[in-house]
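Residues per chain are reported as follows:
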Amino acid sequence: MNGTIAVYPGTFDPITRGHEDLVRRAAEMFDRVIVGVAESRSKRPFFETDERVDMAREILAPYENVEVRGFSCLLMDFLATCDARIIVRGLRAVSDFEYEFQMAGMNRSLRADVETVFLTPADQYMFISATMVREIASLGGDVSKFVQPSVLARISARLAAVSGGN
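What counts, and at which threshold
Sequence order sets the numbering: in each chain, residues are counted from 1 along the sequence as written. For a predicted model such as this one, the threshold for reporting local features is a pLDDT of at least 70, and the threshold for listing and counting side-chain atom pairs is 80 or more; totals across whole chains, interfaces and linings nevertheless cover every residue. By convention in this description, side-chain values take in all heavy atoms of the structure and omit both hydrogens and water. Nonpolar side chains (Val, Leu, Ile, Met, Phe, Trp, Tyr) are joined into patches within 5 Å and like charges within 9 Å, using only residues with over 30% relative accessible area and no salt bridge. Accessible areas in this description were obtained via Shrake-Rupley with a 1.4 Å probe; residue shielding takes into account the shown protein chains only. One speaks of a salt bridge when a side-chain nitrogen belonging to Lys or Arg is within 4 Å of a carboxyl oxygen belonging to Asp or Glu. Secondary structure is summarised from DSSP: a helix means a run of H or I of at least four residues, a strand means a run of E of at least two, and numbering begins at the N terminus for each. Think of it in three bands: residues with accessible area under 20% of the maximum for their type are buried, residues over 50% are exposed, and the middle band is partly exposed, with areas taken using a 1.4 Å probe on protein chains only. If DSSP finds at least two bridges between two strands, the strands pair. Note on method: axes are straight lines fitted to C-alpha atoms, helices fitted across the in-contact stretch only, with angles between N-to-C directions ranging 0 to 180 degrees. Note on contacts: a residue pair qualifies if any of its non-hydrogen atoms lie within 4.5 Å across the two residues. Should an angle fall under 35 degrees it is taken as roughly parallel, and over 145 as roughly antiparallel, whereas 65 to 115 is taken as roughly perpendicular and any remaining angle as oblique. For this classification, the nonpolar set comprises Ala, Val, Leu, Ile, Met, Phe, Trp, Tyr, Cys and Pro, the charged set comprises Asp, Glu, Lys and Arg, and every other residue, Gly included, is treated as polar. Nitrogen and oxygen atoms within 3.5 Å of one another constitute a polar contact, given that in protein one can donate a hydrogen and the other can accept it, and given that sequence-neighbouring residues count only through two side-chain atoms.

1. Quick word on a nonpolar patch on the surface
Next, step 1: A grouping of Leu 74, Met 106 and Leu 110 is seen on the molecular surface, where their side chains present a nonpolar patch of about 300 Å² in accessible area.
Next, step 2: Inspection of the secondary structure assignment puts Leu 74 in the loop between strand S3 (66-71) and helix H3 (75-82).
Next, step 3: In this structure Leu 74 comes out as partly exposed when scored by relative accessible area, which is 48%.

2. Some remarks on the sheet that holds strand S2 (residues 32-38)
Next, step 1: Strand order in the open sheet formed by five strands is S3-S2-S1-S4-S5, with parallel pairing between adjacent strands. The strands lining the two open edges of the sheet, one partner per strand, are S3 and strand S5 (115-119). Sheet twist, expressed as the mean angle between neighbouring strand axes with direction ignored, is 30°.
Next, step 2: Two strands pair when backbone bridges link them, and strand S1 (residues 5-10) and S2 are joined in this way by six bridges, in the parallel orientation. Its bridge partner lying in S2, Tyr 8 is registered against Val 35.
Next, step 3: Seen against the sheet, helix H4 (residues 94-110) touches strand S4 (86-90) and S5 and runs at an angle of roughly 165° to S5.

3. Some details on the pairing of S3
Next, step 1: One ladder, built from six bridges, connects S2 with S3; its direction is parallel. Directly across from Ala 38, in S3, lies its bridge partner Phe 71.

4. Some points on the packing of helix H2 (residues 49-60) against helix H6 (residues 149-162)
Next, step 1: Contact geometry for H2 and H6: axes closest at 10 Å, N-to-C directions at 155°. One way to sum up the angle between H2 and H6 is to call them roughly antiparallel. Between H2 and H6, the residues in contact are Glu 51, Asp 54, Met 55, Glu 58 and Ile 59 and Ser 150, Val 151, Arg 154 and Arg 158, respectively.
Next, step 2: Residue composition of the contact of H2 with H6, by class: three nonpolar, one polar and five charged.

5. A word on the environment of Phe 118
Next, step 1: With respect to the secondary-structure elements, Phe 118 resides in strand S5.
Next, step 2: Among residues more than four places away in sequence, those in contact with Phe 118 are Arg 89, Leu 91, Glu 100, Phe 101 and Ala 104.

6. What about unusual backbone geometry?
Next, step 1: Here the residue pair Asp 13 and Pro 14 is connected by a cis peptide bond, since its omega of 5° sits within 30 degrees of zero.
Next, step 2: Tracing the sequence through the fold places Pro 14 in the loop between S1 and helix H1 (17-29).
Next, step 3: In this structure, Phe 12 takes a positive phi of about 50° despite not being glycine.
Next, step 4: By secondary structure assignment, the location of Phe 12 is in the loop between S1 and H1.
Next, step 5: Residue classification places Phe 12 among the buried residues on the basis of a relative accessible area of 3%.

7. What about the side chain of Thr 49?
Next, step 1: Tracing the backbone shows Thr 49 in helix H2.
Next, step 2: There is a polar contact of 3.1 Å between the side chain of Thr 49 and the side chain of Arg 52.

This is how it looks when you write it as structure tokens:
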């Protein structure tokens, strides 16, 4: 596709190997992929927006046509600032599809020229969610196979700070 810019929005709290897999594949499909890291205060993220942007930039640095930006506005407004008309979303299960299908319809009603492209992660990443990664890590479980080492280090440091180093 010539000149296509796609936006992959999410909270990426934290960015997982599943997210990275979708970005890699989107980067092969589109000329530019902008990973939009949503502020999402309502979700009460584990990491601040700037931290999530930094992690995503570090992990996604090898992909030359990928850019990472934080945003705190309506997704349609963010797409306009990116000059993009394509939204990339990941689907892991049928339960994801219902929500994502509804969101795609709402987004199209807000801006008729926007299309949503759904990608499924590779089999080994199908079950990974950032929420589960945070939960497992907070309970002392090993999440090293779900996130890159630098992300794991940040998760460990954050958990140590929250628990007072205990």
